[in-house]
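Chain by chain, the residues run as shown.
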Amino acid sequence: MDRLTIFWIIHPALLGLFGLELLFLAWVWLGARVPGLPRDASRALKLRVVAGRVLRGVFSRRFGAFLKALVLDGLIHRRLWRTDRRRWLAHSAVFWGFLILGAFSIVVGVAVEFLNPDPARSSFPIVWPVHHPIVEFLVDMDHPVNAALNEGCGLLVLAGLALTAWRRYVRRDAQLRTRGPDTTILALLFAIAGGGYVVEALRFMAEGVPIGQAIYAPLGYGLSLLLGLLPLSREAWAGVHFWAFFAHFATVNLLLFAMPLTKFVHTLMSPLVVALNAVEDEAAP
């Protein structure tokens, strides 16, 4: 069984477990008091009230305020920019780097598995091959744009993480309190961002990607040159790449499952919370 087929068997199961984790956390959160309801209100009632407020905030005349706050304060972090430019730079580099990489990987995954003009390269027996330049670009991991986008966003994330580590461990900001879970999450983020380059370099070695294509990912290609000093055959590199890929996959899922249990969950929730608060503020007399 090939690597991607195994991936697509495991990945949906892990996403299902992550969904169960979020449902459990929502159940715990609904045990707290919701403004406007008595303390002994049921979780079902709290859920209906909270969901109603969200829907009214989104589908209302105040949708413009919701969308504006979501973009400017939730995604671009306008308030943080005004407060501390260095914090904004670190936060935005990590946030946008991972956001672009994650969104692009989903698009590429759909193209590779469902739209691939070469059905033999798909993990699924039923595909809808599309012969289009955009699809051909997406399924080609060594396409100049594809390679440069992945390499550039990875470097953006690493730069943001380095600045974050500097603020937490070297020149500590007065308001920061760094504890064990903070260090663990930061280490996982570094492992994911740096591990991506290792997996890419191993793929170059395993597939024998020519320099004319690999050069568009200069960091991964440079690392592959260093690995090439080891006396291993292409078949051996293919085996190393197989296990490195799943080690990288395991690290990503470890972060996914750990993040909702730490204060870093605000990176997922804060854009929506900020947008809903803007709607509430506009509705207030």
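I will try to describe carefully the structure that is included in this document. (Residues numbered from 1 in each chain as written. Predicted model: local features only at pLDDT ≥ 70, side-chain atom pairs only at ≥ 80, totals over all residues. Heavy atoms only, no water.)

Attention now goes to the overall build of the protein chain. Counting its regular elements, the protein chain contains 12 helices and zero strands. With the C-alpha coordinates of the protein chain rotated into their principal frame, the extents come out at 70 × 50 × 35 Å. The buried share of the protein chain, reckoned over its 285 residues, is 35%. Summarising the internal contacts of the protein chain: among those between residues at least 6 apart in sequence, 62% fall at separations of at least 24. Of the roughly 16,900 Å² of accessible surface on the protein chain, a fraction of 71% belongs to carbon and sulfur atoms. Positive and negative side-chain charges of the protein chain, numbering 27 and 19 respectively, have mean locations separated by a distance of 16 Å. (Helix = DSSP H or I, 4+ residues; strand = E, 2+ residues; numbered from the N terminus. Buried < 20%, exposed > 50% of the residue type's maximum accessible area, 1.4 Å probe, protein only. Contact = heavy atoms within 4.5 Å. Areas by Shrake-Rupley, 256 points an atom, 1.4 Å probe, with all protein chains shown as cover. Lys, Arg positive; Asp, Glu negative; His and termini not counted. Charge placed at Lys NZ, Arg CZ, Asp CG, Glu CD.)

Glancing now at the packing of aromatic side chains. With the rule as written, the count across this model stands at 12 aromatic pairs. Summarising the aromatic geometry, the rings of Phe-95 and Trp-96 are spaced 5.8 Å apart at their centres and angled 85 degrees between planes, so their arrangement reads as edge-to-face. Under the relative-accessibility criterion, Phe-95 is labelled buried at 14%. Exposure remark for Trp-96: the relative accessible area of 29% places this residue in the partly exposed category. Feature note: the residues Phe-7, Trp-8, Phe-242, Trp-243, Phe-245, Phe-246 and Phe-249 constitute an aromatic cluster, connected by ring pairs. Over the face of the ring belonging to Phe-245 we find Arg-3, whose NZ or CZ atom lies 4.5 Å from the ring centre. Lying over the aromatic face of Trp-27, Arg-43 brings its terminal NZ or CZ to 3.9 Å of the ring centre. (Phe/Tyr/Trp six-rings, centres within 6.5 Å; stacked < 30°, edge-to-face > 60°. Lys NZ or Arg CZ within 6 Å of the ring centre and 35° of its normal.)

On to the pattern of salt bridges. Under the defined criterion, the tally for this structure stands at five salt bridges. Here Asp-73 and Arg-79 are joined by a salt bridge, their closest N and O atoms 3.9 Å apart. Salt bridges sharing common partners tie together Asp-142, Glu-200, Arg-203 and Glu-207. (Salt bridge = Lys/Arg side-chain N within 4 Å of Asp/Glu carboxyl O.)

Okay, the packing of helix α8 (residues 180-207) against helix α11 (residues 234-258) next. Two elements in contact, α8 and α11, have axes whose closest approach is 9 Å; the angle formed by their N-to-C orientations is 160 degrees. With respect to each other, α8 and α11 are oriented roughly antiparallel. Note that α8 runs across α11; the crossing there is left-handed. Of the residues in the contact of α8 with α11, the class split is 18 nonpolar, five polar and three charged. (Axes fitted to C-alpha atoms, helices over the stretch in contact; angles between N-to-C directions. Parallel < 35°, antiparallel > 145°, perpendicular 65-115°, else oblique. Left-handed = near helix turned anticlockwise from the far one by under 90°. Nonpolar A, V, L, I, M, F, W, Y, C, P; charged D, E, K, R; others polar.)

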